[in-house]
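# Structure assessment
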Amino acid sequence: MSSRLLFQRVRKELGRDARVVVATAMPPAVEGRPDDYRLAPSKLIEDDHLEIHAVGGPRACAEPMAFLDGTQRIEVVGYVEATPVVAALVAAAVRLRVGGHFATVARQQRAVLVGRPDVLESLAGTYSGFDPVPLPADDVLHPLKSLEGAHRLIDIERSRLERDVGRVFRQTSDAWLVVDGVLADSGVWQDDARAIGVSKSHATLPFGGADLERYLTLPSGHRTSVFEPATWRIAPVRSWGLRLWPHEGHDLFHGLVRVEVAVAAATPAHADLVSSWLLAERAPLSRPDVRWDRLLYGVAAVERHLRAR
Amino acid sequence: MIGRVVATEMKPSTPHQFLFWTARDAQVGIGSIVRVESPGRRVYGVVTDAFAYSDLATPMDAVYGSDGDPVGAVEPSHRSEIRLFQTAVLRHEPEEPLQAVPLGEVHLASDADVAVALRMDTYTTGEKPTGVPIGLYAAGGLEAPIFVDADFLLGPEAAHLNITGVSGLATKTSAIEFFLTTIFQRFPVHKGRIAALCFNVKGPDLLFLDQPGTLTAEDRRLYDRLGIEPRPFTGARYFAPFKADGVNLNSLRTHPDLNPTEPLVWGLREVLDYAEVLLNRDDVDAKADAFIDFLAERVVGKEFTDDHTGKTFTVRSFAELEGFFRAIFDYLENMGRGAEIWRTHHVATIRKIRNRLGNISTRSKGLVTDDGEVNDLPWGTFQDRSVYVVDVAGLDPLAQDLVFARIVSKLREHLERRDLGVEHIVVFVDELNKYAPQDGQDTYVRKMLLDLSERGRYLGLVLFSAQQFRSQVHKRVVGNAGTSVFGRLDADELSTPGYGILSPAIKAKLAALPKGELMIRHPHFTQPIFLKFPRPAVLSGREGIERFPPEVEVPFEEAVVRRLRALDKGIQGNRIKDLVAGRTTDDVVRALHATIRNRPDDVTAFFIKCLGREVRTRTVAPRAGVAPLKALDDPYA
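Not measured: the values here are computed from a predicted model. (Residues numbered from 1 in each chain as written. Chains lettered and ligands numbered in written order. Predicted model: local features only at pLDDT ≥ 70, side-chain atom pairs only at ≥ 80, totals over all residues.)

Once that is clear, we can look at the overall build of chain A. Across its full length, chain A carries six helices and 15 strands. Here the C-alpha atoms of chain A give a radius of gyration of 21 Å, agreeing with the 19 Å that 2.2 N^0.38 yields for 309 residues. By principal-axis analysis of the C-alpha atoms, chain A measures approximately 65 × 45 × 35 Å. Across chain A, contacts joining residues at least 24 apart in sequence account for 67% of those joining residues at least 6 apart. (Helix = DSSP H or I, 4+ residues; strand = E, 2+ residues; numbered from the N terminus. Rg over C-alpha atoms; globule rule 2.2 N^0.38 Å. Contact = placed C-beta atoms within 7 Å.)

What follows is the structure, given as structure tokens:
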């Protein structure tokens, strides 16, 4: 069943309950993912000061390479009194590239219904196909705050699904795996020397002051010194900034990604090698996606696959 | 399964077309027949166009992504791309209610699917099937015989076949020869007897239909798949006019090892009946018609007494007709200045008709005899599943028109009276754009072809025609062809409006169609279908000429011997030569034609009888005279 029909069905089912006011649109105030913007100075692992290293140009990885990403589709399906009920479809997949062509080798999907615990409890039995995910009990009774909280929970669900799919993939393959996002939030990749996290988000910047300026003005085709991000939650990782495209004429974040690898794999030579692979991954261009300057084509291929289903 | 139907709001499926996508390596292409499976509904279609595209937003993105270097750029991933096929619906099951094509699985059509898709199941099964195999549909490693409905190919429901293709690939002639083979072998007996009459209008194209050709193993496999026996037309008969000498045949099929070509010789009566053919547009008026009618009704073949001159005429030949005209002109001249009317006919009209009739007698001396002896096609005794070839390749265009008009008219007359010997006759005419052009003057032949194409099917008179440029043939002639066949076409022809209904992909395929492949339109097929056919089991014109080179033109006496030897192989050449020595050419030709026409048991005796008693020339001794006197005093004597 398509996601559109799935959402329609749950609306119809919930609409039978007289207490539910069916909704079909997300309030503009809470479209998109909430971000905390901050500086979190990191510990340099390579070099005494933050340095800039040329990575030697793009080189395609000769081995099969896989890409992992996840998607989420969120819709408000109704309100019970002033409390929103949010339905979401989260999915994650790994697509393995062999000979330039992609094949989906692992995929999982989950439908969740997010709401206040008492609301979900009262609606039990009126809907099907969705797993209830309750908001924290101390959620304030502001509908937009509840929606923001729902977003966070759904993000967590998606990340969990991505980890599960990655784990499933690793059981059958030791191919290089490019993960869209950070590795540090999961213990899955802690010892995986062939996992590469590529973070497009710069909500948290790893340096401040002069180093930050140096970090943000990194020339195209160069990387920073390897550092340990201060923001790791589950497992420490090694990271470096990499400029995929020249930022001149755009903005400081244009073409800038932060790469993460497992601690054990983080040698300067490995950082250069992985960086040159990622430079090669700039082509084909992932346009028309607006994030094309940081979105690798392989990751975009996974996203497109998940959104098409 | 090879793909799935896709439909979007912008490109929805309709009852008549749909899109499906496949893997990159799917064995499907333009012309492939597919089956869509969906619960409660099955749809058959033929691929008419193909698209491929990637997720590249603009070509500029490729330049940007490769840093402007299309060769050296590193691009580890191949872009996602789609193979999308546009398909025209052939048939729905169930037919009603007619709905848009569902989003189902797409499969390549099997033999059985092809039969259903093209509605062949309606005429290839049952108590009286009327299917005639015409070629093999092939796609994705599958092959299926294609049958056309004899009721729609040879009448009475629809009829006529027209084939178009560039010259030089021998596809048109080969296809017609193959079609005739299949028709003769598979035309249902319950529909009656059938024969074919082919006009050979150029070179040796159709002159060796009775000789086996060279077939490859693949050809034999195709014949076997179609259930057809690869064999030549054993009963083929050939007709050709003489050359101007009246004894050498005007044909490339004169090799002595072949069944002899029979002479086609017509007299005044045969020509006069079709005198309108000889008249150009300016000539055709009521006065000319009236005078021709007068000649035909009152003069030719009858004893006619002219009240004015008191003379009696018996006109059976061009020579006697010329005498008749001469007498009229003499009479008018004797009447003096101002005498211009003879029996209500103006002298100018009489002169015009005389010139036209005299013209054909002169320009087609080998076809039109001056002495009244005629040798014609076997009217009334046409044999079932036999081919009759009339070789007019060497004839003057005017004479070709005459031959064509008279033969088709005679066929029509006999079919109307049901006494031709067969109930159906296929007439094959090549170079149709010459005989029935879209532009140009309205000739008798074009009118007759129009009539044939519009009304022939009721009589069993079926036109198989061919031309290089369909766009240059009269629209009503090609439009009435129930079955249209297309070989390789050139781009100029494909750009004409008549091909506007074809997709660009089908046009591209037609422009590069290999020898032995065709596209066919038939009333039962809702879309054109591509098919392949084996080489005909007969000797091609080019091979035939190499294996059976035509006789060189031989002296008159030798030619007479050869013509008589065609009737009786035991003829003694020297005796015939002795017999004709000293005779006038006209006498010998007259005797020869009479012998050929009568086909006597004792050829020599009959020939001698026709020659008549020899009037020996008397040797006249030179006049002796009186010896001149010798002058003694003349020093120079």
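Okay, the sheet that holds strand E5 (residues 81-93) of chain B next. Residues and elements named next belong to chain B. Pairing within the closed barrel is antiparallel, and its six strands lie in the order E1-E2-E5-E4-E3-E6. Each adjacent strand pair in this sheet contributes to an overall mean axis angle of 45°, direction not counted. In the sheet, strand E3 (residues 33-38) pairs with strand E4 (residues 41-54) via six bridges, with the strands oriented antiparallel. The partner of Ile33 across the bridge, within E4, is Val46. (Pairing = 2+ DSSP bridges. Axes fitted to C-alpha atoms, helices over the stretch in contact; angles between N-to-C directions.)

Right, let's get into the pairing of strand E11 (residues 237-240) of chain B. Each regular strand shows side chains that alternate between the opposite faces of the sheet. Residues and elements named next belong to chain B. Side chains Arg237 and Phe239 project from E11 onto one buried face, and the interleaved Tyr238 and Ala240 project onto a second face that is buried too. In this sheet, strand E17 (residues 387-391) lies alongside E11 in parallel orientation, the contact comprising three bridges. Bridge assignment links Arg237 to a residue of E17, and that residue is Tyr388. The pairing of E11 with strand E12 (residues 262-263) spans two bridges and is classified as parallel. Bridge pairing links Phe239 to Glu262 in E12. (Buried ≥ 20, exposed ≤ 12 C-beta atoms within 10 Å, placed from the backbone.)

On to the confidence of the model for chain B, then. The predicted model of chain B has a mean per-residue pLDDT of 87, with 94% of residues at 70 or higher. Reported confidences for the modelled complex are a pTM of 0.77 and an ipTM of 0.78. (pLDDT = per-residue confidence, 0-100.)

Residues and elements named next belong to chain B. Counting through the fold element by element, Ile82 comes out in strand E5. You can call Ile82 partly exposed: it has 14 C-beta atoms within 10 Å. Excluding anything up to four places from it in sequence, Ile82 contacts Trp21, Ala52 and Tyr53.

Counting 165 residues, the largest nonpolar core has Leu197(B), Val271(B), Val389(B), Val390(B), Ile425(B) and Val427(B) as its most contacted members. It is helix H11 (residues 397-417) of chain B that provides the largest number of residues to this core, a total of nine residues. Among residues more than four places away in sequence, those in contact with Ile425(B) are Ala195(B), Ala196(B), Leu197(B), Phe382(B), Leu411(B), Leu415(B), Leu420(B), Gly460(B), Leu461(B) and Val462(B). The next biggest cluster of nonpolar side chains, apart from the first, holds 83 residues, and it includes Ala87(A), Ala106(A), Val198(A) and Ala271(A). (Core = buried A, V, L, I, M, F, W, Y, C linked by C-beta atoms within 7 Å.)

It is worth spelling out the environment of Gly115(A) at this point. Residues and elements named next belong to chain A. Relative to the helices and strands, Gly115 is located in strand E7 (residues 101-115). Placed 18 residues apart in sequence, Gly115 and Val133 show a C-alpha to C-alpha distance of 6.9 Å. Setting aside anything within four residues of it in sequence, one finds Gly115 in contact with Thr83, Pro84, Val85, Val86, Leu120 and Leu135.

A few words now on the interface of chain A and chain B. On the side of chain B, 13 residues touch chain A, which itself brings 18 residues to the contact. Looking at which element gives the most residues to the side of chain A that touches chain B, the answer is helix H6 (residues 297-308) of chain A, with three residues. Its residues assigned to classes, the side of chain A that touches chain B comprises ten nonpolar, three polar and five charged. (Nonpolar A, V, L, I, M, F, W, Y, C, P; charged D, E, K, R; others polar.)

A few words now on the environment of Ala115(B). Residue and element names in this part refer to chain B. Relative to the helices and strands, Ala115 is located in helix H2 (residues 111-117). Among the residues examined, Ala115 registers 20 C-beta atoms within 10 Å and is labelled buried. Measuring from C-alpha to C-alpha, the distance between Ala115 and Phe147 comes to 8.4 Å, with 32 residues separating the pair along the chain.

This next bit is on H11(B). With 21 residues, H11(B) extends 30 Å between its outermost C-alpha atoms, agreeing within 8% with the 30 Å of an ideal straight helix rising 1.5 Å per residue. Immediately beyond the C-terminal end of H11(B), within one or two residues, lies Arg418(B), with a positive phi of roughly 55°. (Expected span 1.5 Å × (residues − 1).)

The next subject is unusual backbone geometry. The residue after Arg287(A), namely Pro288(A), is reached through a cis peptide bond having omega 15°. Along the chain, Pro288(A) turns up in the loop between helix H5 (268-280) and H6. Even without a glycine there, the phi angle at Arg119(B) is positive, about 60°. With respect to the secondary-structure elements, Arg119(B) resides in the loop between H2 and strand E7 (131-139). Positive phi, close to 45°, is recorded for Arg599(B), a residue that is not glycine. On the basis of neighbour count, Arg599(B) is assigned to the exposed category, with 12 C-beta atoms found within 10 Å.

Turning next to the packing of helix H9 (residues 318-335) of chain B against helix H10 (residues 347-363) of chain B. Residues and elements named next belong to chain B. Viewed as axis vectors pointing N to C, H9 and H10 meet at an angle of 155°, and their least axial separation amounts to 11 Å. Taken together, the axes of H9 and H10 are roughly antiparallel relative to one another. Where H9 crosses over H10, the two elements pack in a sense that is left-handed. Of the residues in H10, those in contact with Phe318, Leu321, Glu322, Phe325, Ile328 and Leu332 of H9 are Val347, Ile350, Arg354, Leu357, Gly358 and Ser361. The residue inventory of the contact of H9 with H10, partitioned by class, reads eight nonpolar, two polar and two charged. (Parallel < 35°, antiparallel > 145°, perpendicular 65-115°, else oblique. Left-handed = near helix turned anticlockwise from the far one by under 90°.)

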